[in-house]
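Residues per chain are reported as follows:
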Amino acid sequence: MADSPSQPKGDIPQQSRVMLWCLPRSTSSVFTKCLSFVPDSQVFFEPYYFCYEALAQLRSLGISVDLSSSSTDYYDHVDQETWSKVAELISGEKCPDTRVDFDMFKYSHIRRLLQNPDPKNQLVLLKDVAHSIDGRYEFLPDKTSKFRFAFLLRHPAKVFSSWRKVMYGLRQSLEGTAQDGNTEIADNFHMIKDIPAVYNPPGLFYKELYDLWIHVRENYEPNPVVIDSDDLLADAAVILPKFCRCLDIPFTDDRLHWDASPATTDRWMSAFTPPNDFEFIRIYCHTAFHTSYFRAPTPCPSYDELTLDVRECVDVSMPYYQKMYEHRIRADVL
């Protein structure tokens, strides 16, 4: 067949473009690693999140960025020395400039990349957290980009129980009180009050995810794909091909198992490259980066088993979770 005028030679036809919007501690990095083995795939690893944290760190340095300005030169007043300091504050280590893409700290740059992704790839996948784009939807690519949207849920009791452990470790690290092998969490630790606000958005992740879901339904597609991580982990052989079919992602049975090496993450586009070389990313993703299949889900803790701070978060988040959960892909429904 002859190439069509709109299809340059070498382009892969019917490129799939997917945004996977997630919650922290929702197995999203495992899912992303699985999908990154689709041949000729390009993965954007939390680009909006690093823009979100870069803004917070710029503010901590006394530098404001007005993203509501009519000008598109939002970041022109930020010099290279400041960007290097921002990278150090985010990562907790001095970063050689060769390992940091400072443009990936800029919302406007991310939008430009996503508006016209490389046509040579069969799959373009963005994985990110919804609170990083909350209130900044103008930096999403528009409908002409032909991105599809998917949302990954997990029960709040599981998310916040896991997040509490990570946040306690973060506080110890910030205070310099971490002890090797000591995993006991102090009884008086509060996962919202005792850590920097940048790690706990006002809507506790679920409202931001829900609000983005509503925005997508009203402005992009009426029925974006929703899946629950426990459904995926419990029955990947059914849920994963359904997910791929809904989003025109090529699927074969070998997607259910993949190489355990984290080497595939070296190809992911991120502000920090390769992601697995940075300790602050490994804190969150070490296990996920070394997976080779979807492990069975753990039981959900009962409400009585939860600490008081986790209960507070669950109480606020459950209504948003339940509304989206009703729209999820199910293994028992064709």
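Cut-offs and rules
Residues numbered from 1 in each chain as written. Predicted model: local features only at pLDDT ≥ 70, side-chain atom pairs only at ≥ 80, totals over all residues. Heavy atoms only, no water. Helix = DSSP H or I, 4+ residues; strand = E, 2+ residues; numbered from the N terminus. Buried < 20%, exposed > 50% of the residue type's maximum accessible area, 1.4 Å probe, protein only. Contact = heavy atoms within 4.5 Å. Areas by Shrake-Rupley, 256 points an atom, 1.4 Å probe, with all protein chains shown as cover. Lys, Arg positive; Asp, Glu negative; His and termini not counted. Charge placed at Lys NZ, Arg CZ, Asp CG, Glu CD. Expected span 1.5 Å × (residues − 1). Phe/Tyr/Trp six-rings, centres within 6.5 Å; stacked < 30°, edge-to-face > 60°. Salt bridge = Lys/Arg side-chain N within 4 Å of Asp/Glu carboxyl O. pLDDT = per-residue confidence, 0-100. Axes fitted to C-alpha atoms, helices over the stretch in contact; angles between N-to-C directions. Left-handed = near helix turned anticlockwise from the far one by under 90°. Nonpolar A, V, L, I, M, F, W, Y, C, P; charged D, E, K, R; others polar. Pairing = 2+ DSSP bridges.

**Some details on the overall build of the protein chain**
Regarding its fold elements, the protein chain presents ten helices and five strands. Considering the protein chain as a whole, with its 334 residues, one finds that 52% of them fall into the buried category. Restricting the contact set of the protein chain to residue pairs at least 6 apart, pairs at least 24 apart contribute 81%. If you sum the accessible surface of the protein chain, you get close to 15900 Å²; carbon and sulfur atoms cover 50% of it. Between the mean site of the 35 positive side-chain charges and the mean site of the 47 negative ones, the protein chain shows a separation of 3 Å.

**Examining helix 2 (residues 47-60)**
The terminal C-alpha atoms of helix 2, which comprises 14 residues, lie 20 Å apart, in line with the 20 Å expected from a rise of 1.5 Å per residue. Burial in helix 2 covers these residues: Pro47, Tyr48, Tyr49, Phe50, Cys51, Tyr52, Glu53, Ala54, Leu55, Ala56, Gln57 and Leu58. Elements in contact with the buried residues of helix 2: strand 1 (16-22), strand 2 (41-45), helix 3 (80-91), helix 4 (107-115), strand 3 (123-129) and helix 9 (279-289). Of the residues flanking the end of helix 2, it is Gly62, one or two places downstream, whose phi is positive at about 80°.

**So, the packing of aromatic side chains**
For the structure on display, the rule yields 31 aromatic pairs. Centroid distance Tyr206 to Tyr321: 6.3 Å. Interplanar angle 85°. Geometry classified as edge-to-face. Residue Tyr206 is located in helix 6 (residues 206-219), and its partner Tyr321 is located in helix 10 (residues 308-325); the two are separated by 115 residues in the primary sequence. For Tyr206, a relative accessible area of 1% puts it in the buried group.

**Some details on the pattern of salt bridges**
Scanning the entire structure with this criterion turns up twelve salt bridges. Across the pair Lys207 and Asp211 runs a salt bridge whose closest N-O atoms are separated by 2.7 Å. Pair noted here: Lys207 and Asp211 are both in helix 6, with a separation of four residues, about one helical turn. On the basis of relative accessibility, which here comes to 35%, the residue Lys207 falls in the partly exposed class. A relative accessible area of 25% places Asp211 in the partly exposed class. A salt bridge links Arg330 to Asp332; the nearest nitrogen and oxygen atoms lie 2.9 Å apart.

**Structural notes on the confidence of the model for the protein chain**
On average, residues of the protein chain score 91 in pLDDT, and 93% of them reach the 70 mark or higher. Of the regions scoring below 50 in pLDDT, residues 1-12 engages in eleven contacts with residues more than four places distant in sequence or in other chains.

**A closer look at the packing of helix 6 against helix 10**
It is at 8 Å that the axes of helix 6 and helix 10 come closest, and there the two elements cross at 35°. As helix 6 runs across helix 10, the sense of the crossing is left-handed. Across the interface between the two elements, Tyr206, Lys207, Leu209, Tyr210 and Trp213 of helix 6 pack against Ser317, Tyr320, Tyr321, Lys323 and Met324 of helix 10. Here the contact of helix 6 with helix 10 is composed, by residue class, of seven nonpolar, one polar and two charged.

**Digging into the sheet that holds strand 1**
The sheet built from five strands is open, its strands ordered 2-3-1-4-5 with parallel pairing. Two strands lie at the open edges of the sheet, namely strand 2 and strand 5 (225-228), each paired on one side alone. Recorded for the sheet is a direction-independent mean angle of 20° between the axes of neighbouring strands. Where strand 1 meets strand 4 (residues 148-153), four bridges bridge the pair, whose relative direction is parallel. Counterpart to Val18 in the pairing with strand 4 is Arg148. With respect to the sheet, helix 1 (residues 28-35) is in contact with strand 1, strand 2, strand 3, strand 4 and strand 5, its orientation differing from that of strand 3 by roughly 175°.

**With respect to the environment of Lys143**
Note that Lys143 resides in the loop between strand 3 and strand 4. Look at Lys143 and you get exposed, because its relative accessible area is 54%. Lys143 sits 78 residues away from Glu221 along the chain, and the two C-alpha atoms are 9.2 Å apart. Those residues in contact with Lys143 that lie beyond four places of it in its chain are Asn219 and Tyr220.

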